[in-house]
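# Per-entry structural report
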Amino acid sequence: MAHRESPAEGAALGWALPFGLLTPASWVAMAAQRYLYAYGLTPQAFGHVAVVDRGYAATNPAAYFHGRPITLADHAASRWIAEPLRLLDCCQETDGGQALVVTSLERARDLPQRPAVIAAAAQGAGRAQEQMTGFHRGDLTGLPEMGAVARQLWRTCGLGPGDIDVGILYDHFTPFVLMQLEEFGFCGRGEAADFVAERRLPLNTHGGQLGEAYLHGMNGIAEAVRQLRGTAVNRIPGAARALVTAGTGVPTSGLVLTADG
């Protein structure tokens, strides 16, 4: 039987593909352009995420960008992919795998490695959300699905942005890292570029999908566990609470992980 797209997905893409929006980068670029316009920013705002992620990757032997930190000038010199996104705003294509073991806390305490505790988990979707588009929504400068996840996570675990020691945010494209920080309440709307530039929160300490590898975020969960165990390459001293998020621009999810004890 021939494969057929679902009618809903086909209808959604039918509003974008004929006009040249053929790739995830082009879909994200539409929202990114609106974000810059709304807050009076330039594409350098996205460069701060690219620099931070590749900086951590440069000291991670497992990362594609190991030994290759970048600067804002490098970011600005990289070629356009879909304006305002440059090459260094985009994640890699990576072949790889990641294993995670989830069990009861009692069982985990009997295992050789120090456990990380799942303090909260949440899933969410935004109103009128499509696959990776939703250009008809009233505001393209945020990620409502991630806002729904944020509210549920904070409510479930009783923590807030100020309690998080390290953030592992889904970074297939740099603009959505900024929007996530704002949806989770780490800073105000339009303020995330300065938040990242000022290094107010250790962010994607393995290099993220931009700098380590694109494994659809599974390697980010592993990095959060390593941070809580104190075994990460770029260890954040005393890290006891980590936020991990999943794909953005689609129905999404997130975790708050804490150290045991």
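Report follows, based on the coordinates. In this numbering scheme, every chain counts its residues from 1 along its sequence in written order. Given that the model is predicted, a residue must reach a pLDDT of at least 70 before its local features are reported, and side-chain atom pairs must reach 80 or more before they are shown or counted; all residues, however, enter totals for whole chains, interfaces and linings. To get the side-chain values, take all heavy atoms of the structure and skip hydrogens and water.

## Structural notes on the overall build of the chain
- Every helix listed is a DSSP run of H or I at least four residues long, and every strand listed is a run of E at least two residues long, numbered separately from the N terminus. Scanning the chain from terminus to terminus reveals 10 helices and 6 strands.
- Our radius of gyration is a C-alpha quantity, and the globule rule it is checked against amounts to 2.2 Å times the number of residues to the power 0.38. Taking 261 residues into account, the globule formula puts the C-alpha radius of gyration at 18 Å, and the chain, at 18 Å, falls close to it.
- Its C-alpha atoms give the chain principal-axis dimensions of about 55 × 45 × 40 Å.
- Contact definition: two residues touch when any of their heavy atoms are within 4.5 Å. Here the contacts in the chain between residues at least 6 apart in sequence split such that 70% fall between residues at least 24 apart.
- Surface exposure here means Shrake-Rupley accessible area, sampled with a 1.4 Å probe, where a residue is shielded only by the protein chains that are shown. For the chain, the accessible area works out to roughly 12,500 Å², and carbon and sulfur atoms hold 54% of it.
- Of the charged side chains in the chain, 20 are positive and 24 negative, and the gap between their average positions amounts to 3 Å. In this charge count, Lys and Arg are treated as positive and Asp and Glu as negative; neither His nor the chain ends contribute. Every charge is mapped to an atom, namely NZ of Lys, CZ of Arg, CG of Asp or CD of Glu.

## Thoughts on the sheet that holds strand β6 (residues 252-259)
- Across the sheet, which stays open at both edges, the 4 strands sit in the order β3-β6-β5-β4 with mixed pairing between neighbours. The open sheet terminates on both sides in strands that have one partner only, identified here as β3 (116-124) and β4 (166-168). Across the sheet, the mean angle separating the axes of adjacent strands is 15° when strand polarity is ignored.
- Relative to β3, helix α6 (residues 144-157) is tilted by about 140°, and along the sheet it contacts β3, β5 (241-245) and β6.
- Between N-to-C directions, angles span 0 to 180 degrees; the directions come from axes that are lines fitted to C-alpha atoms, helices contributing only their stretch in contact. The sheet contacts of helix α10 (residues 218-229) involve β3, β4, β5 and β6, and relative to β6 the element is tilted by about 15°. The criterion for strand pairing is that DSSP finds at least two bridges linking the strands in question.

## Some thoughts on the environment of arginine 199
- On the secondary structure map, arginine 199 appears in the loop between α8 (192-197) and α9 (208-211).
- In this scheme, a residue with accessible area under 20% of its type's maximum is buried, one over 50% is exposed, and one in between is partly exposed, where area comes from a 1.4 Å probe on protein chains only. Using a relative accessible area of 53% as the deciding quantity, one classes arginine 199 as exposed.
- Distance in space between the C-alpha atoms of arginine 199 and valine 52 is 8.4 Å, their sequence separation being 147 residues.
- Dropping the residues within four chain positions of it, arginine 199 is found in contact with Val51 and Val52.

## So, helix α7 (residues 174-183)
- Across the 10 residues of α7, 10 count as buried, placing the element largely inside the fold.
- Residues Thr174, Pro175, Phe176, Val177, Leu178, Met179, Gln180, Leu181, Glu182 and Glu183 constitute the buried set of α7.
- After α7 finishes, the residue glycine 185 shows a positive phi value of roughly 85°.

## Structural notes on the pattern of salt bridges
- By definition, a salt bridge exists where a carboxyl oxygen of Asp or Glu is found within 4 Å of a side-chain nitrogen of Lys or Arg. Under the definition given, this model contains 5 salt bridges.
- Among the ionic pairs, glutamate 183 bridges to arginine 189, the shortest N-O distance being 3.2 Å.
- Overall, glutamate 183 belongs to the buried group, its relative accessible area being 15%.
- Since its relative accessible area comes to 45%, arginine 189 is described here as partly exposed.

## Here's the deal with α6
- Expected helix span is given by 1.5 Å per residue-to-residue step, counting one fewer step than there are residues. Taking 1.5 Å per residue as the helical rise, α6 with its 14 residues ought to reach 20 Å, and the 20 Å between its terminal C-alpha atoms agrees with that figure.
- Looking only at α6, the buried set comprises Glu145, Met146, Gly147, Val149, Ala150, Leu153, Trp154 and Cys157.
- Each element contacted by the buried residues of α6 is listed here: β3, α7, β5 and β6.
- With its phi angle positive at about 75°, glycine 158 sits one or two positions after the end of α6.

## Observations regarding unusual backbone geometry
- Along the chain, glutamate 83 connects to proline 84 via a cis peptide bond; the corresponding omega equals 15°.
- As for its placement among the helices and strands, proline 84 is situated in the loop between β1 (80-82) and β2 (85-86).
- For arginine 199, which is not a glycine, the phi torsion comes out positive at approximately 55°.
- Phi angles above zero are rare outside glycine, and asparagine 204 is one such case at about 50°.
- Mapped onto the secondary structure, asparagine 204 falls in the loop between α8 and α9.
- Taking the relative accessible area as the measure of exposure, asparagine 204 reaches 0% and is therefore buried.

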